[in-house]
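Chain by chain, the residues:
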Amino acid sequence: MSHRIRAIVYVASAIVTFATLMYAAMGLPKFGTFSGAYSAMLLQISTLERHVYNVPTAVNFDYRGFDTLGEEFIFFTSVAGVLFIFSAVRGKAEKHGEPMEHEGDRRQSGAIRWFPTGLTAFIAALGMDLGAHGQLTPGGGFQGGAIFGSAIACIYLGVGIHAFIRTAKKETFDMLEALGAFAFGALGVAAMWITGAFLRNIMPLGQTGATVSGGTIYFLSCAVFVEIACGFTVLLLVFLKQTGQTQEGEQ
Amino acid sequence: MSLLQIILYVLVAVLGAAVVFSKRPINQLFIYTTFGMMLALLFFVLHAPDVGLSEIAVGTFAVPLMVLVTLMKTDTKT
Amino acid sequence: MSGWTLYFPYAVAFWLFVIGCFGITQSRNLIHTILCIAVVQSSTYMLLLSIDFHAQAGAPIFGSTNPPGSASVDPILHALTLTDIVVGATVTALLLALTIQIYRRRGTIDPQRLRPMSE
């Protein structure tokens, strides 16, 4: 099918799809007027019942914790998939030892070298702050982890691939990621063991507004933080490693 | 619906179309990054700071970096 | 508040969906396809968060200015969306890794030239 015919067929069907979707939107609540019964209830009870200020975090790690378990394993499986896809090629390259040092590793100096490295510390601290106070302020394991993982990759921008590989040991981060995923499941199973319900909040809830509060919510958030942070670091590491082996890989 | 919201919605719609219609992948990547940033701003304006934080980390750093590496590795030299 | 703004956000979300799918059908480069898929993905976030918004409510994060229990937008859709953005990025990474491997095997990432089982 040529491009032009394909475009005509698609545009015709897209107009119908768009019209149908807009017709369906007429049945949705008008913009700015929605209020669901479930969410109204959660907004009322979550601070009293779970001692948290940030309701989405309470939903993620407590009320709908089982959904998060599913999301978490999608994440885990995708990272494993990426590692698996690259391992076929990397197995060959690693026989020559570590990827060769980038020319950039030595040439850069001064501000170019130290500014991104300093930024790493700052962004990593921000990520940890977001991850650790998910029950009080906007943030939580998912966002904090993504920001922390990205911060580690800033080392690459500043110093180069060699330093990045030395800093982020793949095996260590891989293991920590698995540990994070395991901790989430283990907390759920422990709750089932003690109370008979999977992922029930079993920890003491603590003072509302304290750093460690919300019971299991805090610990699940930390487990997710470790998993996402290490998963992102490993992901960016294997991608950026590809840039170091242009010569060996292509022959 | 405030003016800020209308502006951001229009920007997101235009940038989304620009991502699709840009021909060279490297240009597309930069437009995509801008699109991600506008999306994050829109999420903040819609009272969803949690979602905005996720989108900033993912849409403006992690995904563009990985796409950049893929572009580098699949340079077709044409 | 005029009438058209009441459905305009939904129209933008559907527009992103339709235009992203158009990009997928017209794509001559797998990286272009992946970025179009990312646009389609963001249309779902747009739709969920547009439905969720309430004009007279604040963010679902309580503090001194909005004490617990005060009017707020729906936290459930936020929770859905924020996990999906992070998880969606790793799925994009998986697609990109596959693209790199396809290029190594076939020397092209143009879907038109990737015939099945032709070396």
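Scroll up a little and you will see the structure.
Right, let's walk through the structure included here. Small disclaimer: the values here were computed from a predicted structure and weren't measured.

**Observations regarding the overall build of chain A**
The helix and strand tally for chain A stands at 11 helices and 0 strands. Seen in sequence order, chain A has helices and strands lined up from the N terminus as α-α-α-α-α-α-α-α-α-α-α. Expressed as a percentage of the 251 residues in chain A, the buried residues total 48%. Put simply, of all contacts in chain A between residues at least 6 apart along the chain, 74% involve residues at least 24 apart.

**Observations concerning the environment of valine 12 of chain B**
Structurally, the position occupied by valine 12 of chain B is in helix H1 (residues 3-21). Residue classification places valine 12 of chain B among the buried residues on the basis of a relative accessible area of 0%. Along the sequence, valine 12 of chain B and methionine 38 of chain B sit 26 residues apart, while their C-alpha atoms lie 6.3 Å from each other. Sequence-distant contacts of valine 12 of chain B, that is, excluding residues within four places in its chain, are made with Phe35, Met38, Leu39 and Leu42 of chain B together with Leu16 and Met46 of chain C.

**Some words on helix H1 (residues 3-25) of chain A**
Under the 1.5 Å per step criterion, the end-to-end length of H1 of chain A is 31 Å for 23 residues, consistent within 8% with the ideal 33 Å. Listed as buried for H1 of chain A are Ala7, Tyr10, Ala14, Met22 and Ala25 of chain A. Looking at the packing, one finds that the buried side of H1 of chain A touches helix H1 (8-26) of chain C.

**Quick look at the packing of aromatic side chains**
Residue and element names in this part refer to chain A. Tallying each qualifying case throughout the model produces 14 aromatic pairs over all chains. Where phenylalanine 66 meets phenylalanine 198, the ring centres are 5.9 Å apart and the plane angle is 85°; that geometry is what we call edge-to-face. Remark: phenylalanine 198 occurs in the loop between helix H9 (170-195) and helix H10 (216-244) and phenylalanine 66 occurs in helix H4 (residues 65-93); sequence separation between them is 132 residues. Taking the relative accessible area as the measure of exposure, phenylalanine 66 reaches 58% and is therefore exposed. Judged by centre distance (5.3 Å) and plane angle (90°), the ring pair of phenylalanine 86 and phenylalanine 239 falls under edge-to-face. With a gap of 153 residues between them, phenylalanine 86 in helix H4 and phenylalanine 239 in helix H10 connect regions that are remote in the sequence.

**Side note on the interface of chain A and chain C**
Contacts between the two partners involve 53 residues from chain A, matched on the other side by 53 residues from chain C. Between chain A and chain C lies a buried interface of about 4900 Å² when both sides are counted; carbon and sulfur atoms form 73% of it. Counting every contact that joins chain A to chain C gives 0 salt bridges. At the junction of chain A with chain C, the criterion picks out 12 residue pairs in polar contact (both at pLDDT 80 or more). At the level of elements, H1, helix H2 (37-50), helix H3 (55-63), H4, helix H7 (141-158) and H10 of chain A are the ones that each hand at least two residues to the side of chain A that touches chain C. Among the elements that make up the side of chain A that touches chain C, the one with the highest residue count is H4 of chain A (11 residues).

**Points about the interface of chain C and chain B**
If you look at the interface, chain C gives 46 residues, while chain B gives 40 residues. At the junction of chain C with chain B, the criterion picks out 0 salt bridges. Seen at the junction of chain C and chain B, the total is 5 residue pairs in polar contact (both at pLDDT 80 or more). Listing elements by their share of the side of chain C that touches chain B, those giving two or more residues are H1, helix H2 (30-52) and helix H3 (75-106) of chain C. In terms of residue count, H3 of chain C provides more of the side of chain C that touches chain B than any other element does, 13 residues in total. Looking at the side of chain C that touches chain B residue by residue, the class counts come to 32 nonpolar, 13 polar and 1 charged.

**Focus on a nonpolar patch on the surface**
All names here are of chain A. On the surface, a nonpolar cluster with roughly 350 Å² of combined accessible area is contributed by Leu176, Leu179, Phe182 and Val226. Per element, the largest residue contribution to the nonpolar patch is 3 residues, and it comes from H9. Note on placement: phenylalanine 182 falls in helix H9. Of the residues examined, phenylalanine 182 reaches a relative accessible area of 58% and is grouped as exposed.

**Things to note about the environment of glycine 88 of chain C**
Structurally, glycine 88 of chain C can be placed in helix H3. Here the alpha-carbon distance between glycine 88 of chain C and alanine 38 of chain C, two residues 50 residues apart in the chain, equals 8.5 Å.

Basis of the calculations
Residue indices follow the written sequence of each chain, beginning from 1 at its first position. Chain A is the first chain written and ligand 1 is the first ligand written, with later ones labelled in order. Predicted model: local features are reported for residues with pLDDT of at least 70 only, side-chain atom pairs are reported and counted for 80 or more only, and whole-chain, interface and lining totals are derived from all residues. The side-chain quantities take in all heavy atoms of the structure and omit both hydrogens and water. Only DSSP runs of H or I covering at least 4 residues are called helices, and only runs of E covering at least 2 are called strands; the numbering of each starts at the N terminus. Burial status follows relative accessibility: with a 1.4 Å probe on protein chains alone, a residue under 20% of its type maximum counts as buried, one over 50% as exposed, and anything between as partly exposed. Here, two residues are considered to be in contact whenever any of their heavy atoms come within 4.5 Å of each other. Residue count minus one, scaled by 1.5 Å, sets the expected span of a helix. What counts as a ring pair is set by centres within 6.5 Å for rings of Phe, Tyr and Trp (its six-membered ring), and what kind of pair is set by the plane angle: stacked under 30 degrees, edge-to-face over 60, tilted for all other angles. By convention, the term buried area covers the 1.4 Å-probe accessible surface removed from two parts as they join, with the contributions of both added. Should a side-chain nitrogen of Lys or Arg be within 4 Å of a carboxyl oxygen of Asp or Glu, the pair is scored as a salt bridge. Throughout this description, a polar contact denotes any pair of N or O atoms lying within 3.5 Å of each other; where both atoms belong to protein, one of them has to be capable of donating a hydrogen while the other can accept it, and for residues adjacent in sequence the pair is counted only when both atoms sit in side chains. All amino acids are sorted into three groups, where Ala, Val, Leu, Ile, Met, Phe, Trp, Tyr, Cys and Pro are nonpolar, Asp, Glu, Lys and Arg are charged, and the leftover types, Gly among them, are polar. Residues enter patches when they are more than 30% accessible in relative terms and free of salt bridges; like-charged ones are connected within 9 Å and nonpolar ones (Val, Leu, Ile, Met, Phe, Trp, Tyr) within 5 Å. Exposure was quantified through the Shrake-Rupley algorithm and a 1.4 Å probe, taking into account, for residues, occlusion by the shown protein chains and nothing else.

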